[in-house]
Amino acid sequence: MATAVVMPRLSDTMTEGKILKWHKKEGDPVKSGEAIADVETDKATLELEVYEDGTLLKIVVPEGTSAPLGAPVAIIGAPGEDFSSLLAAAPATSAPPEAPKPEAKPPPAPPAPAPAPAPEPKRHEAREMPRVQTPAGAPPSGRIKASPLARRMARDSRVDLAQVVGSGPAGRVVARDVEEAARRPVAAAAPAATAPVAAGPAPRRPAAPPLLSFPEQPAEGAFEPTGMRRVIATRTGQAWAEVPHFFLVVDVDMESCAALREELKELGSAVSLNDFVLKAAALGLRKVPEVNRSFVEGKFLQHGHADVGMAVALPDGLVTPVLHDADLLPLGQIAALARDFAERARSKRLKPEEYSGGSVTVSNLGMFGVDQFFAVINPPQSAILAVGKVLARPVVWEGQVVARQRMWLSLSGDHRAIDGALGARYLGAVREALERPVALMV
């Protein structure tokens with residue numbers, strides 16, 4: 001009997017999947033446990049397996065097309081078997097949006113006759129001023145006409161305003177004239193009539209780099225978000241609307257962590273400061289287990305494991321792999337797992353069990369130069385830690401003002417599951433572990 005292969009749930013936040021590639025074509029035999037297609041979810045790219053033997057009778061969802069959960073993507077059965085009833089019940093799929101077609105250019109207009117002399121424009125009427133050529137090699141008589149911005153740009157890029165042709169009103173030098181002059185190589189100045197001529201070519205000053213450099217700008221207009229971006233928009237919007245957030249901040253002394261990290265580096269162990277935070281977050285869950293719970297459908301769900309998520313930034317969003325039982329893992333193993341998870345997250349090769357669950361998440365933007373921020377909770381978790389940049393700042397230490405490595409650590413809490421005092425206890429436990437990092441080595 002013909003059977004429909006449906007789009008499976010491959011992640012806890014998945015609502016649809018996109019068929020990236022079919023490994024089989026219609027008419028090919030398939031076996032149970034064989035991967036027949038690659039499916040892209042909102043978090044990873046996974047293989048779609050079949051669970052029975054047969055022949056691939058029909059590919060319902062072509063490559064590059066998305067289908068909702070439970071929708072048939074293919075039909076398997078005996079050769080020549082009728083499967084029309086399975087196709088009739090299949091929901092609609094969404095094809096990728098077509099690229100906008102370029103607009104047809106209008107034919108060139110015939111040349112217009114020579115215009116009559118324009119009348120003198122009235123006051124306040126806009127008109128195009130003629131381009132005034134300033135003699136090169138010597139400044140014009142009197143003060144050079146240039147805008148204040150052009151003068152500052154010329155001073156910063158060492159451009160001689162006397163050699164710049166002004167395109168503004170009445171030959172005024174404007175910013176774009178200086179930019180063009182800065183991009184051109186500077187020609188050797190002609191020697192004065194009374195100066196002796198030096199042998200050899202005149203020295204050349206290298207062209208100044210552009211004053212402003214921007215990447216290629218995206219095309220203007222509306223476009224469809226990726227599956228990952230769509231899920232992030234939905235879940236964060238729901239979290240912000242439904243979860244009552246509260247925020248706590250502590251200033252953590254990271255001097256001991258920084259020193260221990262340098263010692264480990266000398267011993268050949270590559271451990272980042274974020275790895276210290278991951279382990280401290282797990283130990284905090286053990287010390288304050290009341291935070292290790294979720295508020296789900298009007299009830300508390302107490303977790304028995306210290307599973308810590310780590311937010312990994314991707315070009316089109318982020319994904320949160322989970323370090324399970326992180327409190328039991330040595331610091332070096334946490335560092336190795338974190339590097340492996342981050343690499344495979346960016347290439348969308350994580351397995352579903354590697355980004356499922358989690359009691360609390362660590363989001364670190366300090367590596368991007370951010371001093372402090374507040375993160376949005378990832379339901380059903382009850383808290384998320386926002387990690388800022390580790391920076392030497394002046395503090396009062398043992399009665400003296402000294403520079404020490406400090407870090408802002410923020411907690412966003414779900415007020416339905418935990419309150420401010422409980423969150424403060426947890427945040428204090430994390431800070432204590434970071435300020436006495438020997439405990440993180442156990």
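Residues numbered from 1 in each chain as written. Predicted model: local features only at pLDDT ≥ 70, side-chain atom pairs only at ≥ 80, totals over all residues. Heavy atoms only, no water.

Draft legend 1. Quick peek at the pattern of salt bridges. All chains considered together, the criterion is met by 18 salt bridges. Note that Lys265 is salt-bridged to Glu262, the shortest N-O span being 3.6 Å. With Lys265 and Glu262 both in helix H5 (residues 255-266) and three residues apart, the pair spans about one turn of that helix. Judged by its relative accessible area of 40%, Glu262 falls in the partly exposed class. (Salt bridge = Lys/Arg side-chain N within 4 Å of Asp/Glu carboxyl O. Helix = DSSP H or I, 4+ residues; strand = E, 2+ residues; numbered from the N terminus. Buried < 20%, exposed > 50% of the residue type's maximum accessible area, 1.4 Å probe, protein only.)

Draft legend 2. Looking closely at the sheet that holds strand E4 (residues 35-40). Spatially, E5-E4-E2-E7 is the arrangement adopted by the four strands of the open sheet, whose pairing is antiparallel. Each having just a single partner strand, strand E5 (45-49) and strand E7 (66-68) make up the two edges of the open sheet. Strand-to-strand, the axes of this sheet are offset by a mean angle of 40°, without reference to chain direction. One ladder, built from four bridges, connects strand E2 (residues 16-22) with E4; its direction is antiparallel. Within E4, the position partnered with Ile19 by the bridge is Val39. (Pairing = 2+ DSSP bridges. Axes fitted to C-alpha atoms, helices over the stretch in contact; angles between N-to-C directions.)

Draft legend 3. Up close: the packing of helix H6 (residues 273-287) against helix H7 (residues 331-346). Here H6 crosses H7 at 115°, and the two axes come no closer than 9 Å. Relative to H7, the element H6 is oriented roughly perpendicular. Two packed elements cross with a definite hand, and for H6 against H7 that hand is right-handed. Where H6 approaches H7, its residues Asp275, Phe276, Leu278 and Lys279 are matched on the opposing element by Leu331, Ile334, Ala335 and Ala338. Along the lines of polarity and charge, the residues of the contact of H6 with H7 split into six nonpolar, no polar and two charged. (Parallel < 35°, antiparallel > 145°, perpendicular 65-115°, else oblique. Left-handed = near helix turned anticlockwise from the far one by under 90°. Contact = heavy atoms within 4.5 Å. Nonpolar A, V, L, I, M, F, W, Y, C, P; charged D, E, K, R; others polar.)

Draft legend 4. Spatial organisation of the side chain of Ser363. Here Ser363 is to be found in strand E16 (residues 360-364). A relative accessible area of 12% places Ser363 in the buried class. If sequence neighbours within four positions are ignored, Ser363 has contacts with Ala311, Phe373, Ile384, Leu385, Ala386 and Val387.

Draft legend 5. Quick look at the nonpolar core. If you look at the biggest cluster of nonpolar residues, it comprises 78 residues, and the most contacted ones within it are Val73, Phe276, Val308, Leu385, Leu409, Tyr426 and Leu434. When residues in this core are grouped by element, the largest group, eight residues, is from H6. Apart from the residues within four sequence positions on either side, Phe276 is in contact with Cys257, Leu260, Arg261, Leu264, Val271, Leu331, Leu434, Pro437 and Leu440. (Core = buried A, V, L, I, M, F, W, Y, C linked by side-chain atoms within 4.5 Å.)

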